[in-house]
Amino acid sequence: MLKKEFKDNFKSFLIWTTVLIVIFLIVYSVYPFIITDDTVKNLDEMMKVFPKELLKSFNMDITTINTAYGWLKSEGFMFVYLIVGFYSSLLGLQILLKEENDKTIEYLISLPIKRNIIVRNKIVVSVIYIFSMIFLLGVFNYIGLSLSGSFNQKEFLLISITPLFVAYPLFAFNLFLSVFLHRTKKTLGISLGLVFFFYIINILSELSTKIDGIKYFSIYTLADIRNVISKCSINPICIVISCTITILFITLTYLFYQKKELI
Amino acid sequence: MNQTILEVKHLKKYYGDKLGIEDVSFFLKEGEIYGFIGPNGAGKSTTIRTIMGLIQKTKGEILFLGEPWTQNEGLRKEKIGYLPSEIHLYDSMTVKEILDYHESFYKKDIHKNREMLTKKLKVPETKRIEDLSLGNLKKVGIILALMHEPELIIVDEPTSGLDPLMQQVFHNLLVEEKEKGATILYSSHDLNEISNISDRIGFIKDGKIIKEDTMDNIKKDNYTYLTIQSEDIQNIKKEFDLKIIKEDNNTIKYLNNMDYNLIIKKLVKYKIEKLLIEQISLEELFSKYYK
């Protein structure tokens, strides 16, 4: 069953990973040509005009986009969080639900396999694909950055693993949500909506200290890239919360899926 | 004495407030074919899906080989073969791939049986599932249900989409499985289909088993249609406490299970214009349970 699941989900993994890699490939290809002394000067002037809160939202107050690595730490990882978020959410919502939507669940359930094994196999495949996506992107970025100039390797490594703290909770939350749905029809809307909702909350929380507290309602807070950039370390609380949310929703999925009406 | 393979006790299923099945009880003895018959919506598929663990029972108990059968069974399902009314398989797989996939779930070697069934049913193994005709898809479903030589075979409206020749091949396969010792739960709304191979029959209506008997006993049920035409029909009517099938002017048609001598005795004092006794067909006999 694992082999089949890997095969079934390979295409979407390949598409989403390619999308991300192509974005970065374009950046690494064009960046050396657009960053000249004049553009650096203009960018610095432009940054002075932007409100501090806005710069903070894109980490531009603690980094510069004068280099490819600087761009990666600000806008670059915005794409990573969003695309990895979409992929993880969609995977979470669809991996179990697809069997019901395609009505293949009637066949799958007739096989000598328990429901929790079905859930386990699908989770294993998803966890590996999410990790692989982030790993492959990390390798690609490492090569790209190495060719573009020097960069802080420890900081890069830590930044590269931060999407995991967002991706796994999003996957687990959406997987749990899928237990209460019967068709995949609206899953794209739900996935995109959730990811945008969490991401926008995270951005808004940076804009004013008055609404700083709303960041606790966003899974993206767990990525905590600002902490990595400024202190070159990962806040262990983020790891703990990320693992707790993931384990909690996966456990709830196991429990509720046992009793789900599958037709 | 044959072992009880499957026992369903007072099974009840509600979908929220909506009734699925009210009270279904039956048992299957080893090596028998149990015809599970009822009109569309009577609760046949709900019963089967509850047994298969797709939906959760509201109440009741299911025993398989004497042990409680839960919704989350694993290895014990090796002993069950299931052919649903509509076959939905993985479209992008070829027939060979789905058969390989199926085979991978079973510990025992079932390859030989798979090859025998594939040959017998003439299934195009290189074709993708999405490219199969309804008949060929059904054949693949049959192979998947039988290839692991299950002890209990559950089939739900199995012959829809099969041509008469293939239906016969399928029935022969079931009889062969029965001869090998398999027990079969055969659900259908078509009596002709079921009566030829079933040992016992259970009728389900509105979520309840309304009659259960051996096929031989059901065939022996001495029902006839009794048509009487007479000018004294209103008085004759008082003589018979039978179900009226049709009534117009001076003619009445009964569903009759009375002894013929008794009928003659009752009618002897009246002037009869026409008396007709017709043998009831098996189909009509069953439809009487549904009314």
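Visitor: Would you mind showing me how to read the pairing of strand β7 (residues 152-156) of chain B here?
Guide: Within a regular strand, the side chains alternate between the two sheet faces. Residue and element names in this part refer to chain B. In terms of burial, β7 is largely enclosed, as five of its five residues are buried. Residue alternation in β7 divides its side chains into two sets, Leu152, Ile154 and Asp156 and Ile153 and Val155, and both sets are buried. Here strand β6 (residues 80-83) runs beside β7; their pairing, made up of four bridges, is parallel. Bridge pairing links Ile80 to Leu152 in β7. Relative to strand β8 (residues 183-188), β7 is paired through five bridges, and the arrangement is parallel. By the bridge assignment, Val155 is partnered in β8 with Tyr186. Handedness of the crossover joining β7 and β8 through helix α5 (residues 164-179) is recorded here as right-handed.

Visitor: Please explain the sheet that holds strand β13 (residues 251-256) of chain B as it appears in this structure.
Guide: Strands belonging to one sheet form pairs held by backbone hydrogen bonds; the direction of such a pair is parallel or antiparallel. Residues and elements named next belong to chain B. Reading across the sheet, the four strands line up as β12-β13-β11-β14 and stay open at both edges, with antiparallel pairing between neighbours. Taken across any chain shown, the strands that pair with only one partner, and hence form the sheet edges, are β12 (243-248) and β14 (272-279). Averaged over all neighbouring strand pairs, the angle between strand axes comes to 15°, with direction disregarded. Here strand β11 (residues 224-230) pairs with β14 via seven bridges, running antiparallel. Bridging from a neighbouring strand, Leu226 pairs with Ile277 of β14. Packed on one face of the sheet, helix α9 (residues 260-267) meets β11, β13 and β14 and runs near 165° to β14.

Cut-offs and rules
Residues numbered from 1 in each chain as written. Chains lettered and ligands numbered in written order. Predicted model: local features only at pLDDT ≥ 70, side-chain atom pairs only at ≥ 80, totals over all residues. Heavy atoms only, no water. Buried < 20%, exposed > 50% of the residue type's maximum accessible area, 1.4 Å probe, protein only. Helix = DSSP H or I, 4+ residues; strand = E, 2+ residues; numbered from the N terminus. Pairing = 2+ DSSP bridges. Right-handed = clockwise from strand over helix to strand, strands pointing away. Axes fitted to C-alpha atoms, helices over the stretch in contact; angles between N-to-C directions. Contact = heavy atoms within 4.5 Å.

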